[in-house]
Amino acid sequence: MKNTEDIPEIYEIGQLPPPGIVPKYMYAQVLRQNRYGEPINAFSIEKIEIPAIADDEVLVAVKAAGLNYNSVWAARGYPLDMIRLMKLRRETNVDFHIIGSDCSGIVYKKGALVKNVEIGDEVVIQPAWYDPEDPWIKNGGDTTISKTSRAWGYETNWGSFAQFCKVRYFQCLPKPIHLYWDQAAVYMLSGPTVYRMLFHYAPNIVTEGDVVLIWGGAGGLGSMAIQLVKLAGGIPVAVVNSEEKKKFCEEMGALAINRSEFSHWGGLTSEMLKPENQLDWGLQAKKFMKKITHLTGGKLPNIVLEHPGENTWPTSVYVCDRDGMIVTCAGTTGYFCSFDVRYLWLQRKRIQGSHYANLQECIALNQLVMDKKVYPVLTETYSFEELPIALQKMHENKHKGNIAIQIGY
Ligand code: NAP
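For clarity, every value in this text was computed on a predicted model and none was experimentally measured.

Calculation notes
Residues numbered from 1 in each chain as written. Predicted model: local features only at pLDDT ≥ 70, side-chain atom pairs only at ≥ 80, totals over all residues. Heavy atoms only, no water. Near = heavy atom within 4 Å. Polar contact = N/O pair within 3.5 Å; in protein donor to acceptor, adjacent residues only side chain to side chain. Areas by Shrake-Rupley, 256 points an atom, 1.4 Å probe, with all protein chains shown as cover. Helix = DSSP H or I, 4+ residues; strand = E, 2+ residues; numbered from the N terminus. Axes fitted to C-alpha atoms, helices over the stretch in contact; angles between N-to-C directions. Parallel < 35°, antiparallel > 145°, perpendicular 65-115°, else oblique. Left-handed = near helix turned anticlockwise from the far one by under 90°. Contact = heavy atoms within 4.5 Å. Buried < 20%, exposed > 50% of the residue type's maximum accessible area, 1.4 Å probe, protein only. Pairing = 2+ DSSP bridges. Patch = residues over 30% accessible without salt bridge, like charges linked within 9 Å, V, L, I, M, F, W, Y side chains within 5 Å. Salt bridge = Lys/Arg side-chain N within 4 Å of Asp/Glu carboxyl O. Expected span 1.5 Å × (residues − 1). Arc of directions from axis to C-beta.

With that out of the way, let us pick up the site of the ligand. Surrounding the ligand, one finds 26 residues, the nearest of these being Gly220, Arg259, Thr332, Tyr356 and Asn397. Leu221 places a polar main-chain atom, nitrogen or oxygen, 2.9 Å from an oxygen atom of the ligand. Note that a nitrogen atom of the ligand is positioned 2.8 Å from one of the side-chain N or O atoms of His355. Across the complex, the protein chains shield 92% of the 900 Å² of accessible surface that the ligand would expose by itself. Listed by contribution, the elements that provide at least two residues to the shell around the ligand are α2 (69-76), α7 (220-231) and β12 (235-240). In terms of residues, the shell around the ligand owes the most to one element, α2, which gives three residues.

Below you can see the structure in the form of structure tokens.
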């Protein structure tokens, strides 16, 4: 093995030393508080010292990184200034943030206690970060509700938009050998999130013939949800904002609706629900409901996969079937979600919050990918330097499926 004195202190993007040799510095797409704003202006490529790792940590050379919407939030510093928050929590001692919650790569260094991977292993990274010493977790509690639970690469530093990232050992899962690096980089955040939303909350889990309404069917969560619903024998109904995206979802096997044909979006007010006014909104919403039943042969969604938030909640609660579940993991269009509660209680519907997934669910989803039962929907790959352009595109909702950036190859 070469001495570390013999190797360059930094490698150019696209190059890497042999596995096990770690240079002193790396290039990273870095966020700083004075640049928070539109993703296109929020990053700068900086030379950063590669962090040391603890005994239970792994240093991974990033081959490709996947973009997720949480990077839009981080770049904007909105709704949370994550650098400030990490400092308040005493979880960072630097003034910058290297984000990125999805990647594929190679193990370059591991802590003394790490047993599940070896130097040179090809891995994908799942972003559930937590303290395994948390008593709640040690007593068998679900990691997603541990107080130490963090979204790696959003709530933590040393994410995947850099030549090297730092993770805890349990975040490393085997990379499916049939996938290219960029394909492997884009499914470990959206896949397990949707897997849990569809299969965790018994009795409301997808089974044969169940209709699932999927908002944003052509997006990261949506494109994975379509596949998982189909795999379970369910009927995915994808909602999108254009004919192009509608076709994209139909090609994946979903029934699809173009939401731009309807006008009842946005929050409800108590004024709108007064008996003399309620038909205005109700007639529009009914038109949307009829579109669903027209496509499904009369069935309403047993599960509504929510994430747009404010703009879609009144409709989600309205169209969900009796005894069904509206399961949510986000509020992309706003957090002030309103609905007519009569539809909830009279028809015994359930509202369920969901946030990422536990390790078993991550492993199960990765196994489905390894078995070629579901696949990452990669639509575009950009260069490392183009990250801000790619993320801006996601912020403006001009993308379909998932986007990767190429780093270590
Ligand atoms: P994405 O790829 O950008 O897809 C989001 C989709 O939302 C878009 O394709 C868009 O579809 C739809 N959308 C946007 N504005 C809308 C509106 N006004 N009404 C209805 N639909 C609208 O993002 P993603 O990766 O799927 O993530 C979606 C959200 O989930 C983000 O906020 C993300 O942070 C969150 N998330 C949370 C977790 C968690 O564990 N809590 C995990 C992953 C993601 P159309 O415009 O075509 O309708």
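Glancing now at the packing of helix α6 (residues 190-199) against α7. Helix-helix packing is described using two parameters, namely the angle between the two axes and the distance between the axes. Packing of α6 against α7 leaves a shortest axis separation of 9 Å and a crossing angle of 50 degrees. Classified by the interaxial angle, the pair formed by α6 and α7 is oblique. Both α6 and α7 take part in a crossing whose hand is right-handed. Counted together, Ser190, Gly191, Thr193, Val194, Tyr195, Leu198 and Phe199 of α6 and Gly220, Leu221, Met224, Ala225, Leu228 and Val229 of α7 form the full contact between these two elements.

It is worth spelling out the pairing of strand β11 (residues 211-215) at this point. Across the five residues of β11, five count as buried, placing the element largely inside the fold. The alternating pattern of β11 places Val211, Leu213 and Trp215 on one face and Val212 and Ile214 on the opposite face, and all of these are buried. Pairing of β11 with β12, which is carried by five bridges, proceeds in the parallel orientation. Following the sheet pairing, Trp215 is matched in β12 by Val239. Sheet topology note: the β11/strand β14 (residues 303-306) ladder contains three bridges and is parallel. What sits directly across from Ile214, in β14, is Leu305.

Within the open sheet, the six strands sit side by side as β13-β12-β11-β14-β15-β16. Their pairing is parallel. Since the sheet does not close on itself, it has two edges, and those belong to β13 (255-258) and β16 (350-353), each with one partner. Averaged over all neighbouring strand pairs, the angle between strand axes comes to 20 degrees, with direction disregarded. Taken strand by strand, helix α8 (residues 243-251) contacts β12 and β13, and its axis lies near 170 degrees from that of β13.

One can find Arg259 in the loop between β13 and α9 (278-296). Measuring from C-alpha to C-alpha, the distance between Arg259 and Tyr195 comes to 25 Å, with 64 residues separating the pair along the chain.

Before going further, it helps to spend a moment on a nonpolar patch on the surface. A cluster of nonpolar side chains, contributed by Val341, Trp345 and Leu346, occupies part of the molecular surface with about 320 Å² of accessible area. Assignment of secondary structure puts Trp345 in helix α11 (residues 341-346). Residue class for Trp345 comes out exposed when judged on its relative accessible area of 52%.

This brings us to helix α12 (residues 359-370). Note: α-helices contain 3.6 residues per turn, so residues at a spacing of three or four share the same orientation. The end-to-end C-alpha distance of α12 is 16 Å, a good match for the 16 Å that 12 residues give at a rise of 1.5 Å each. Among all positions in α12, only Glu361, Cys362, Leu365, Asn366, Leu368 and Val369 are buried. Taken around the axis of α12, the buried residues stretch over an arc of 155 degrees, which confines them to a single face. Check the buried side of α12 and you find it contacts β6 (122-125), β10 (172-174), α6 and α7. One side-chain oxygen at the N-terminal end of α12 lies 3.2 Å from the backbone nitrogen of Gln360; it belongs to Asn358. Just downstream of α12, Lys372 is the residue with a positive phi angle, here 60 degrees.

Judged by pairing direction, the sheet is antiparallel, and its three strands sit side by side in the order β2-β1-β4 without closing on themselves. Only two strands of the sheet have a single partner each, and these edge strands are β2 (43-49) and β4 (96-97). Pairing between strand β1 (residues 25-32) and β4: two bridges, direction antiparallel. Across the sheet, residue Leu31 finds its bridge partner in β4, namely His97.

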